[in-house]
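# Survey of secondary and tertiary structure
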Amino acid sequence: KQSEAFTNMFNVVIQFGSILAVVVIYFHKLNPFSPTKTEKQKKMTIQLWIKVVIGTIPALIGGVLLNDLIESKLSNAYVVALMLIVYGILFIIVETWNKGRKPAITSVTEIGYDTALIIGIFQLLAAVVPGTSRSGATIIGALLLGVARGAAAEFTFYLAIPVMFGASLLKIIKSGLSFGAMGYVTLLVGMLVAFVVSLFVIRYLMSYIRKHDFKAFGYYRIVLGVVVLVYFFLFK
């Protein structure tokens, strides 16, 4: 049986692998030094990074200040299940409310600094309440602000880069990294598998939301949350 420290680290490297996939897929868009970009495009890329930093600040501050409290008081299956259900319902409500409305913002470059900050505040909810999907919270926030689905999902991926890198680094420092040779092999394999799977999932998701809304994701969260609740009520 693996130690709790190893399990936590395994979760970290999986997240790290997923974020590496985001970096690879969007490397050109996120690279302000690309020789194939015009000066205007390079300037817009730098502005995009500034927006990402602005959107990241609330989650980083909240996560650092409240991390110990969250892990000691809120990290339990019932909170996670409840948040799965709540955000599933919110996805359905928001998509129903937006039906027939034309998005005010259709690309990530159109997202303003103030909009980025508000989306970041939604991301803070995921940092402080376990079970709140980080991507789910930010996408819901973006949709409410009039951002198109594709742009909302893409900006959410961008926001994940500094947040997940920062969270991973913090947990790595806390862990002490004393897992033995086989432990490191397991961590590396886990990261690589997460990286490859994420490459396919991200591309599929972006293709899917060009033709569909997020209601299916909302129903999935509700069903999963109910299953988790029933399991822990009956067997724990």
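Parameters at a glance
Residues numbered from 1 in each chain as written. Predicted model: local features only at pLDDT ≥ 70, side-chain atom pairs only at ≥ 80, totals over all residues. Heavy atoms only, no water. Helix = DSSP H or I, 4+ residues; strand = E, 2+ residues; numbered from the N terminus. Buried < 20%, exposed > 50% of the residue type's maximum accessible area, 1.4 Å probe, protein only. Contact = heavy atoms within 4.5 Å. Expected span 1.5 Å × (residues − 1). Patch = residues over 30% accessible without salt bridge, like charges linked within 9 Å, V, L, I, M, F, W, Y side chains within 5 Å. Areas by Shrake-Rupley, 256 points an atom, 1.4 Å probe, with all protein chains shown as cover. Salt bridge = Lys/Arg side-chain N within 4 Å of Asp/Glu carboxyl O. Phe/Tyr/Trp six-rings, centres within 6.5 Å; stacked < 30°, edge-to-face > 60°. Lys, Arg positive; Asp, Glu negative; His and termini not counted. Axes fitted to C-alpha atoms, helices over the stretch in contact; angles between N-to-C directions. Parallel < 35°, antiparallel > 145°, perpendicular 65-115°, else oblique. Left-handed = near helix turned anticlockwise from the far one by under 90°. Nonpolar A, V, L, I, M, F, W, Y, C, P; charged D, E, K, R; others polar.

## Considerations on the environment of isoleucine 92
Inspection of the secondary structure assignment puts isoleucine 92 in helix α4 (residues 77–98). You can call isoleucine 92 buried: its relative accessible area is 16%. When the C-alpha positions of isoleucine 92 and aspartate 213 are compared, they lie 9.2 Å apart, and in sequence the two are 121 residues distant. If near-sequence neighbours (up to four positions away) are discounted, isoleucine 92 is found in contact with Lys215, Gly218, Tyr219 and Ile222.

## Observations concerning α4
Its 22 residues give α4 an end-to-end C-alpha distance of 32 Å, which sits within 8% of 32 Å, the value for a rise of 1.5 Å per residue. Listed in full, the buried residues belonging to α4 are Val79, Ala81, Met83, Leu84, Ile85, Tyr87, Gly88, Phe91, Ile92, Val94, Glu95 and Asn98. Downstream of α4 by one or two residues, glycine 100 has phi in the positive range, about 85 degrees.

## Comments concerning a nonpolar patch on the surface
A cluster of nonpolar side chains, Tyr78, Val226, Val230, Tyr231, Phe233, Leu234 and Phe235, forms an exposed patch at the surface whose accessible area comes to about 750 Å². Considering every element that reaches the nonpolar patch, the biggest residue donor is helix α9 (residues 215–235), with six residues. A residue is classified by how much of its surface remains accessible, and valine 226, at 40% relative accessible area, is partly exposed.

## Re the packing of aromatic side chains
Scanning the entire structure with this criterion turns up seven aromatic pairs. Aromatic side chains tyrosine 26 and tyrosine 158 sit 5.2 Å apart centroid to centroid with 90 degrees between the ring planes, which places their arrangement in the edge-to-face category. Of this pair, tyrosine 26 sits in the loop between α1 (4–25) and α2 (27–30) while tyrosine 158 sits in helix α7 (residues 149–175), placing them 132 residues apart in sequence. Residue class for tyrosine 26 comes out buried when judged on its relative accessible area of 7%. With a centroid separation of 6.2 Å and an interplanar angle of 25 degrees, the aromatic rings of phenylalanine 217 and tyrosine 220 are classed as stacked. With a gap of three residues between them, phenylalanine 217 and tyrosine 220 both fall in helix α9, about one helical turn apart. Given the relative accessible area of 31%, phenylalanine 217 is considered partly exposed.

## Points about the side chain of lysine 37
Counting through the fold element by element, lysine 37 comes out in the loop between α2 and α3 (39–74). Despite its burial, lysine 37 remains without a salt bridge, the nearest opposite charge being carried by glutamate 154 at 9.7 Å. Each residue touching lysine 37, except ones within four places of it in the same chain, is listed here: His28, Lys29, Leu30, Asn31, Lys42 and Thr45.

## Digging into the packing of α4 against helix α6 (residues 134–144)
In the contact formed by α4 and α6, the axes pass within 10 Å of each other and the chain directions differ by 20 degrees. It follows that α4 is roughly parallel to α6 by the angle criterion. The crossing of α4 and α6 is left-handed. Taking contact as the criterion, the partners of Tyr87, Leu90, Phe91, Val94, Glu95, Trp97 and Asn98 in α4 are, on α6, Gly136, Ala137, Ile139, Ile140, Leu143 and Leu144. By residue class, the composition of the contact of α4 with α6 is ten nonpolar, two polar and one charged.

## Overview of α6
Among the eleven residues of α6, nine are classified as buried, and the element is accordingly described as predominantly covered. If you check which residues of α6 are buried, you get Arg134, Gly136, Ala137, Thr138, Ile139, Ile140, Gly141, Ala142 and Leu143. Glycine 146 lies just past α6 and shows a positive phi near 90 degrees.

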